[in-house]
Amino acid sequence: MAAGSEPKRAPAFFVSHGAGPYALLGAPHQQPLVELCNETRWVLDGAKGIIVVTAHWETDQPHISSGAKPELYFDYFEENAKELPKEAWEFSYPAPGDPELANKIKEKLERDGFEPVLDNERGWDHGVWVPLLLLRPEADLPVVQVSIPKGEEFAATKSALKMGRSLEAFREEGYIILGSGSSYHNFAAVIDSIEGKPGAPPIESNRPFEDAMEEVAKIPDADEKCRRMQKWRDFPASEAVQPPNSSEHFLPFIVNIGSAGSDIGKKLGEWELFGTIMSSYIW
């Protein structure tokens, strides 16, 4: 950025980050995700840094990674970890943290009614480093990780929208708000297929749910977007797509809706996993 120039408003960006580390391990069922990330790397070009809102960190109040050089946190499901090769524990992503930005996020969230906590110890979970290894393998942009709200679903949705609206201000400073989750996350429905077990039952299409997501993402009015998002449980087959009381992978999308402001969303692409659809968005 040229000296004295104003930062360009950075996008809000939602990514369906796939299953564990399988995309990085070359699993064929994750290859469409790899291809979509390759096609959308341009979104991060020109950013000052990345604020990642990750599905894999749930807290009562927002927690913010504040370390200068965070380690990686290999937070795979314990029941599946024993099936993974040793390479799954050897990844690195040497991007810097940004303690100054973390403190600014804390102060902004405090002004907006939250009780945020700086966390200097927890490493970046795989909701951070898996998509970033695919989207920004150069690891040249500072990264700050932010947790999602934990608790009763309707309250968590309202809190996620409020948090997104608070974080939108950082887009004006050139920081991307990256929501890392999944537009489909009925893990129980796809686990047999992922693990290659024979006789896995067919999965109901989530296309109607995806269409409802896209309709809300494209609403230009910020307040109306948030009002519609509060009723996302009315989306078609929502309980089959995001099981009740297990919607943590959808909350980053909800944060992005809050951080979108008056921007009209655009679906950047989608990929398929055993008949289900996973999508990426930009605002």
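Here, the structure is the one placed above.
Residue positions are given per chain, counted from 1 along the sequence in the order it is written. Reporting in this predicted model follows two pLDDT cut-offs: at least 70 for local features of residues, and 80 or more for side-chain atom pairs to be given and counted; totals over whole chains, interfaces and linings ignore these cut-offs and use all residues. Note: side-chain values were computed over all heavy atoms of the structure, leaving out hydrogens and water.

(A) Quick look at the overall build of the protein. The way it works is that DSSP assigns letters per residue, a run of H or I at least four long becomes a helix, a run of E at least two long becomes a strand, and they are numbered from the N terminus. Of the regular secondary structure elements, the protein holds ten helices and eight strands. Note on method: radius of gyration uses C-alpha positions; expected globular size equals 2.2 Å times residues raised to 0.38. Compactness check: the protein gives a C-alpha radius of gyration of 18 Å against a globular reference of 19 Å for 283 residues, within 12% of the reference. Its C-alpha atoms give the protein principal-axis dimensions of about 60 × 45 × 35 Å. Contact criterion: two residues are considered in contact whenever any of their non-hydrogen atoms come within 4.5 Å of each other. Intrachain contacts of the protein at a sequence separation of at least 6 include 81% that bridge at least 24 residues. Carbon and sulfur atoms make up 50% of the accessible area of the protein, which amounts to about 12,200 Å² in all. When charges are tallied, Lys and Arg are placed among the positive residues and Asp and Glu among the negative ones, while His and the ends of the chain are skipped. Positions of charges follow a simple convention, taking NZ of Lys, CZ of Arg, CG of Asp or CD of Glu. A distance of 5 Å separates the average location of the 28 positive side-chain charges in the protein from that of its 45 negative side-chain charges. Only the protein chains shown count as cover for residues, with accessible areas throughout obtained via the Shrake-Rupley method and a probe of 1.4 Å.

(B) Molecular detail of the environment of Asp 112. Summarising the element assignment, Asp 112 is placed in the loop between α3 (99-111) and β4 (117-119). Its relative accessible area of 28% is what places Asp 112 among the partly exposed residues. Taking the C-alpha atoms as reference points, Asp 112 and Pro 208, separated by 96 residues in sequence, lie 35 Å from one another. Residues within four places of Asp 112 in sequence aside, it is in contact with Lys 162 and Ser 166. Here Lys 108 takes part through its side chain, which lies 2.5 Å from a polar atom of the side chain of Asp 112. Whether a residue is buried, partly exposed or exposed follows from its accessible area with a 1.4 Å probe, protein chains only, as a fraction of its type maximum: under 20%, in between, or over 50%, in that order. We call two N or O atoms a polar contact when they sit within 3.5 Å, provided that within protein one can donate a hydrogen and the other can accept it, with sequence-adjacent residues counted only if both atoms are side-chain atoms.

(C) Molecular detail of the pairing of strand β8 (residues 276-282). With seven of seven residues buried, β8 is to be regarded as a mostly interior element. Every second residue of β8 is oriented toward a common face, with Thr 276, Met 278, Ser 280 and Ile 282 on one face and Ile 277, Ser 279 and Tyr 281 on the other, all of them buried. Paired strands, in this sense, are two strands between which DSSP finds at least two bridges. Where strand β7 (residues 266-273) lies against β8, seven bridges are found, and the strand directions are antiparallel. When the bridges of β8 are listed, Lys 267 appears paired with Tyr 281. In sequence, β7 turns back onto β8 through a hairpin of two residues, with Phe 274 there showing a positive phi of about 50 degrees.

(D) Structural view of helix α7 (residues 207-217). Among all positions of α7, only Phe 209, Glu 210, Ala 212, Met 213, Glu 214, Val 216 and Ala 217 are buried. Summarising the contacts, the buried residues of α7 are in contact with α8 (222-229), α9 (238-241), α10 (251-259), β7 and β8.

(E) Up close: the packing of α7 against α8. Interhelical geometry of α7 versus α8 gives an angle of 155 degrees and a closest axis separation of 9 Å. Put simply, α7 runs roughly antiparallel to α8. The segment α7 lies against α8, with Glu 215, Val 216 and Ala 217 engaging Lys 225, Arg 228 and Met 229. Of the residues contributing to the contact of α7 with α8, the split by class is three nonpolar, no polar and three charged. Between the N-to-C directions of two axes lies an angle of 0 to 180 degrees, each axis being a line fitted to C-alpha atoms and, for a helix, fitted only over the stretch in contact. Under this scheme an angle from 65 to 115 degrees is roughly perpendicular, one under 35 degrees roughly parallel, and one over 145 degrees roughly antiparallel; angles in between are oblique. Under this grouping Gly is polar, as are all residues other than the nonpolar Ala, Val, Leu, Ile, Met, Phe, Trp, Tyr, Cys and Pro and the charged Asp, Glu, Lys and Arg.

(F) Fine view of the pattern of salt bridges. One side-chain nitrogen of Lys or Arg within 4 Å of one carboxyl oxygen of Asp or Glu is enough to make a salt bridge. Enumeration according to the criterion identifies 22 salt bridges in this entry. Where Arg 233 meets Glu 153, a salt bridge forms, and the shortest distance between an N and an O atom there is 2.7 Å. Residue Arg 233 is found in the loop between α8 and α9, and its partner Glu 153 is found in helix α5 (residues 153-167); the two are separated by 80 residues along the sequence. One salt bridge connects Lys 218 with Glu 214, and the closest N-O pair in it is separated by 3.3 Å. Look at the salt bridges and you will find they share partners, linking Arg 207, Glu 210, Glu 214, Lys 218, Lys 267 and Glu 270 into a network.

(G) Quick peek at unusual backbone geometry. For Ala 237, which is not a glycine, the phi torsion comes out positive at approximately 55 degrees. With respect to the helices and strands, Ala 237 occurs in the loop between α8 and α9. The residue Asn 245 is not glycine, and still its phi comes out positive at about 60 degrees. When you line up the elements, Asn 245 lands in the loop between α9 and α10.

(H) Molecular detail of the side chain of His 126. For His 126, the location among the structural elements is in helix α4 (residues 126-135). Residue His 126 is classed as buried on the basis of its relative accessible area of 5%. Reaching out from His 126, the side chain makes a polar contact with the side chain of Asp 75 at a distance of 2.7 Å. What His 126 contacts, discounting residues up to four positions off in sequence, is Gly 20, His 56, Tyr 73, Asp 75, Tyr 76 and Pro 131.

By themselves, these observations are geometric and do not establish any function.
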